[in-house]
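Each chain, written out:
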Amino acid sequence: MEPWETARHWLSAATSVTVLTGAGISAESGVPTFRGPGGLWRNQRPEDLATPAAFTRDPLRSWEWYNWRRGIIATVQPNAGHLALARIEERSAQFTLVTQNVDGLHDRAGSRNILKVHGDIWTLRCTQCARAWQDLRPALPELPPRCECGAVARPGVVWFGEGLPEDVWSEAVLAARACDVFLLVGTSAVVYPAAGLAELARSHGAKVVEINIEDTPLSAHVDLSWRARASEALPRLVE
Ligand code: BV8
Ligand code: ZN
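Residues numbered from 1 in each chain as written. Chains lettered and ligands numbered in written order. Predicted model: local features only at pLDDT ≥ 70, side-chain atom pairs only at ≥ 80, totals over all residues. Heavy atoms only, no water.

Visitor: Could you give an account of the coordination of the zinc ion (ligand 2), with specific residues and numbers?
Guide: Of the protein atoms, only C126 (SG), C129 (SG), C147 (SG) and C149 (SG) coordinate the zinc ion (ligand 2), at distances of 2.3 Å. Angles of 105 to 123° at the metal separate the four donor atoms of the zinc ion (ligand 2), which places the site in the tetrahedral class. If you list the donors of the zinc ion (ligand 2) from N- to C-terminus, the spacing comes out as C-x2-C-x17-C-x1-C. Here C129 is found in the loop between β4 (119–126) and β5 (132–134), whereas its partner C149 is found in the loop between β5 and β6 (153–157), with 20 residues between them in sequence. Using a relative accessible area of 25% as the deciding quantity, one classes C129 as partly exposed. (Donors = N, O, S within 2.8 Å, 3.2 Å for Na, K, Ca; no water. Tetrahedral: all angles 85-135°; square planar, octahedral: opposite > 155°, others 65-115°. Helix = DSSP H or I, 4+ residues; strand = E, 2+ residues; numbered from the N terminus. Buried < 20%, exposed > 50% of the residue type's maximum accessible area, 1.4 Å probe, protein only.)

Okay, here's the thing in C-alpha cells:
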C-alpha cells in the first residue's frame, strides 16, 4: 500500500482528527524554518533569539528579527498543504489543528479550530500592563513598539523557557488524547511539550502519521512515517 492509501484508510475510519504542524508546512510558502537552511538571521540561531533573555538584553535586536520575519510572512501565501488541512477539517466530525507556527498561514488558508501553542507573530503584548493587541502592519514603524501605557511591547509569542498559554495547551492535550488519527506535519519534533502530543495521542490508541522530508526523533515511534513534502502529501489525503 502506498503511504497515502494507508493514511486515507485511517482517516476515512476516524471521527476525531488532531494535527500538529511545525515550520515545515510553511517552508514551501517561503517562510524560513527554525532549524533548516535560511532560518538563520545575521548568523544568529533562532534558539538564541527566541528567549526572554535575548529580549531583555536587547529588545531592539529582538524586534528587528521579528520585524524581518513579519516582513517575509506578510508577502507569502498559504500553500497546498495549508489548504488541504482546511479541507480535511471540513470533512472531519471532530478536528483540531495544533500549530507551533506563529505565522498565521493556517488562518489565512481557512482552518477554523486552530490552537496556537507558541503564540502569534501578529499579536503584541505589553511588558507591563495586561494589554495585548493585533498589529498586522508587515513591518512596525517604530522599534521597539510601545503600549498605550508607555511601556515597551513584546511579540505575542512563547519563547524558550516560557510556559505555553494554559487554556490553549490544555485543549491541545484533550485533542491529542481524544483523536483516532494524529497527523504530525513538518516539525523536527525536538521542541517540547508540543512534540509530546504525538506520543500522548499514540498512548491513547490513535494512529500517528508523520509527514516530513527527513527523519525526526519520532519517525521510529509513529505508525506511518511518510517521507514527503507537506504540499504534496496532504492534498493526496483529500483527493
Ligand atoms: C517550556 C515561538 C517550561 C517563538 C518557539 C532548557 C532551558 C529551558 C527550556 C528547555 C531547556 N531544554 C529543553 C527545554 C524545553 C524547551 C525545548 O523544547 N527546547 C528544545 C529546543 C530542546 N521548550 C520550551 O522552552 C517550551 N516551554 O518548556 O516551558 C515551563 C513550563 C511552565 C512554566 C514555565 C516554563 C517553549 C517552547 C516554545 C519556543 N517557541 N517559537 C518564535 O517563533 O519566534 S519554538 C520554535 O520551534 C517554533 O515554534 C517552531 O515551530 C518550533 C519547532 O520547530 P519546528 O516547527 O519543528 O521547525 P524546525 O525548523 O525545527 O523543523 C522544520 C521541520 O520541517 C524539519 O523536520 C524539516 O525536515 C521539515 N520540513 C521542511 N520542509 C518541509 C518539511 N516537512 C514537510 N514538508 C516540507 N516542505
Ligand atoms: Zn501597557
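Having seen it, we continue.
Visitor: Can you explain the pattern of salt bridges? Please cite residues and give values.
Guide: Enumeration according to the criterion identifies ten salt bridges in this entry. The salt bridge involving K116 is made with D107; its shortest N-O contact spans 3.1 Å. In this structure K116 comes out as partly exposed when scored by relative accessible area, which is 23%. A relative accessible area of 36% places D107 in the partly exposed class. (Salt bridge = Lys/Arg side-chain N within 4 Å of Asp/Glu carboxyl O.)

Visitor: Run through the domain arrangement of the chain, naming residues and quoting values.
Guide: Along its sequence, the chain is carved into domain 1 (3–31 + 77–118 + 164–236) and domain 2 (32–75 + 122–157). If you average the C-alpha positions of domain 1 and of domain 2, the two centres end up 26 Å apart. Domain 1 puts 13 residues into the contact, and the matching count from domain 2 is ten residues. Of the roughly 900 Å² buried between domain 1 and domain 2, counting both surfaces, carbon and sulfur atoms make up 61%. Counting across the domain 1 and domain 2 interface gives zero salt bridges. Between domain 1 and domain 2 we count two residue pairs in polar contact (both at pLDDT 80 or more) in total. (Domains from an automatic or database assignment. Contact = heavy atoms within 4.5 Å. Buried area = accessible area lost by both parts, 1.4 Å probe. Polar contact = N/O pair within 3.5 Å; in protein donor to acceptor, adjacent residues only side chain to side chain.)

Visitor: Describe the sheet that holds β6, naming the residues involved and giving the relevant values.
Guide: Reading across the sheet, the three strands line up as β5-β4-β6 and stay open at both edges, with antiparallel pairing between neighbours. Of all strands in the sheet, those with a lone pairing partner are β5 and β6, marking the two edges. For this sheet the average axis-to-axis angle between neighbouring strands, irrespective of direction, equals 40°. Along the sheet, helix α5 (residues 59–73) contacts β4 and β6; its crossing angle with β4, the most-contacted strand, is approximately 140°. (Pairing = 2+ DSSP bridges. Axes fitted to C-alpha atoms, helices over the stretch in contact; angles between N-to-C directions.)

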